[in-house]
Amino acid sequence: MSRIRTAPIDDDAALVAEGITPTLARKMGGFGNYAVSFSVICILAGGMTLFGFGLHNGGPAVMVWGWVGIFAMTLVLGSCLAEVTSVYPTAGALYHMANRLGGPGWAWLTGWLNLLGLVGAIAGIDYGAASFIGAFASLQWGFEPTPENTMAIFACVLLLHGLLNSFGVGLVDVMSKISVWWQFSGVFLIVVLLVAAPGERQSPAFVFTEYYNDSGISNPLYGAGVGCLMAAYTFCGYDASAHMAEETTQAQKSAPWGMVHAILWSGIAGFVLIVGMLFAMESYTNTLGTATGVPPAQIFIDVLGTGMAKALLVVVIVAQLFCGNAEVAAASRMAYAFSRNRALPGWRTWSRANARTQNPTAAVWLCVSVAFFLALPSVHSPAAYAAVTAINVLGITPAYAIPVFLRLKAGDRFKQGLWNLGRFSKPLGWIAVTYVAVLTVFFCLPQAYPMQADNFNYAPVTLAVVLLGAWISWMTVGRKHYSMPLPTSTAEDSAIAGGMV
């Protein structure tokens, strides 16, 4: 079980106490750790990529208030997870916490859910960036953004992120810090230009109360819930701060601090961006039916003209590229840590750190390769991209809740670390777990009616396959080969370790 720590201990000593030999370069400070999670959340990626999805499913009212609601609940969940991260600041993050608090079976399940969500996020982010690049190329050179062309761009983006992440955490740190200022500046620039441009603007009643749904879902509450996927997808990936903990100084404080502040500032900036875009939108019909395939691009064109629209698209595209790069960094650390515990096929390869850069280079290329194949069905199915985003939410969100649930289950045996919620820990924890349970069930439901091959929600099928696969692999392989070292500083941690869930 966790130990109470009244003062910081040496970062590497904290790892050794967990039975982990430090091998990664610790070059990231507190701001850099925060910057990685902020870059992964990236309101200019999720918020803009799924802007059209929000317009179709609930319209402005759901986009605005759904954002506020999901933001508030994510802040609660993230704070509860940050508390556990303070005690277990390791690259394995969620599954490592689950192992210490619930045993290897819980860890195995959490690890596979987390890895699915992280790789799904890479696919969703980089495919979204490819769509925006295609829209820019269409405006600039008359490029036709067909599914095949978009997939080719997507492959190039993945290749770029694989290369950038092969140089070590120093480059990731620098690029993530630049990303923070790029995103804040980009949101400010977009909103100011749209609001200051001449022309009529939408009314406050339209922005804050207009409900629109063409998904075929007749129940407004159901339709509004589906529309919340826009916000739920965007507020994913803040566990990046935890995954980068082994490369962060003063990680027991810096990692949880980075996680919570990334959620906080993303929520505020995202609200400003969404409201500004909705006020500026001239034509609902034209925005949804845009020839560019990217509704925000049509808003830029209608309000500012083609030239300025192309400039703003570049701002968004660069932010999305920063986002994808940070997500590859987080996912590769997860794959690296999971492999050193012998949980992935070929673990000997993926658990190696480059001797020169002290970077998990092999795990980087594993993650980008799997992300490519995960998004490949998008060439043939318009619903595949939505399924990828839902896979991200359905894989990673339950994984966030498991350590929080196990911490609650442990009760007073869990000793809070340097960053904690004090007496609010337990009530907020139960709120967070309940929220995740409702969200997980909801996003397994159909997202459009009548259900057809091109709008079928494949995410719950994928989730069921992963859960079944995790259970089968645990029973046949995991129990024999999965190996998590016991903490060296206490023997009683193993007393609560149970079997499979």
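Structural notes, computed from the coordinates. (Residues numbered from 1 in each chain as written. Predicted model: local features only at pLDDT ≥ 70, side-chain atom pairs only at ≥ 80, totals over all residues. Heavy atoms only, no water.)

**Digging into the state of the cysteines**
- Taken as a whole, this structure holds 0 disulfides when the rule is applied.
- Cys42 takes part in no disulfide bond, and the closest cysteine sulfur, belonging to Cys323, lies 4.3 Å away. (Disulfide = S-S within 2.5 Å.)

**Things to note about helix H11 (residues 220-227)**
- Most of H11 is tucked away, with 6 of its 8 residues classed as buried.
- Those residues of H11 that fall on the buried side of the exposure criterion are Tyr222, Gly223, Ala224, Gly225, Val226 and Gly227.
- Of the surrounding secondary structure, the elements contacted by the buried residues of H11 are helix H4 (51-56), strand S1 (57-58), helix H5 (59-87), strand S2 (212-213), helix H12 (229-234) and helix H21 (425-442).
- The opening residue of H11 is Asn219, an N-cap whose side-chain oxygen sits 2.9 Å from the backbone nitrogen of Leu221. (Buried < 20%, exposed > 50% of the residue type's maximum accessible area, 1.4 Å probe, protein only. Helix = DSSP H or I, 4+ residues; strand = E, 2+ residues; numbered from the N terminus. Contact = heavy atoms within 4.5 Å. Polar contact = N/O pair within 3.5 Å; in protein donor to acceptor, adjacent residues only side chain to side chain.)

**Quick look at empty space enclosed by the protein**
- Under the definition given, this model contains 2 cavities of 30 Å³ or more.
- Computed from the structure, the largest cavity encloses a volume of approximately 70 Å³.
- If you trace the largest cavity, you find 13 residues lining it, with Val40, Ile125, Tyr233, Thr234 and Cys236 closest to the centre.
- Those elements giving two or more residues to the lining of the largest cavity turn out to be helix H2 (30-41), helix H7 (104-141), H12 and helix H17 (306-340).
- Residues of the lining of the largest cavity, tallied by class, amount to 8 nonpolar, 4 polar and 1 charged.
- Quantified by volume, the second largest cavity comes out at close to 60 Å³.
- Forming the boundary of the second largest cavity are Ile70, Thr74, Leu77, Ala231, Ala232, Phe235, Cys236, Tyr238, Thr397, Tyr400, Tyr435 and Leu439.
- With 3 residues, the top contributor of residues to the lining of the second largest cavity is H5.
- Tallied by class, residues from the lining of the second largest cavity come to 10 nonpolar, 2 polar and no charged. (1 Å grid on protein atoms, 1.4 Å probe; cavity = no way out; pocket = protein on both sides within 12 Å on 5 of 7 lines; lining within 4 Å. Points joined across faces, edges and corners; volume = space filled by probe spheres on them. Nonpolar A, V, L, I, M, F, W, Y, C, P; charged D, E, K, R; others polar.)

**Quick notes on the packing of H7 against helix H8 (residues 147-164)**
- Direction vectors running N to C along H7 and H8 enclose 120°, while the axes themselves pass 8 Å from each other. As judged from the angle between their axes, H7 and H8 are oblique. For H7 against H8, the interelement crossing comes out right-handed. Contacts from Ile122, Ala123, Asp126, Tyr127, Ala130, Ser131, Ile133 and Gly134 in H7 reach Pro147, Thr150, Met151, Ile153, Phe154, Val157, Leu158 and His161 in H8. (Axes fitted to C-alpha atoms, helices over the stretch in contact; angles between N-to-C directions. Parallel < 35°, antiparallel > 145°, perpendicular 65-115°, else oblique. Left-handed = near helix turned anticlockwise from the far one by under 90°.)

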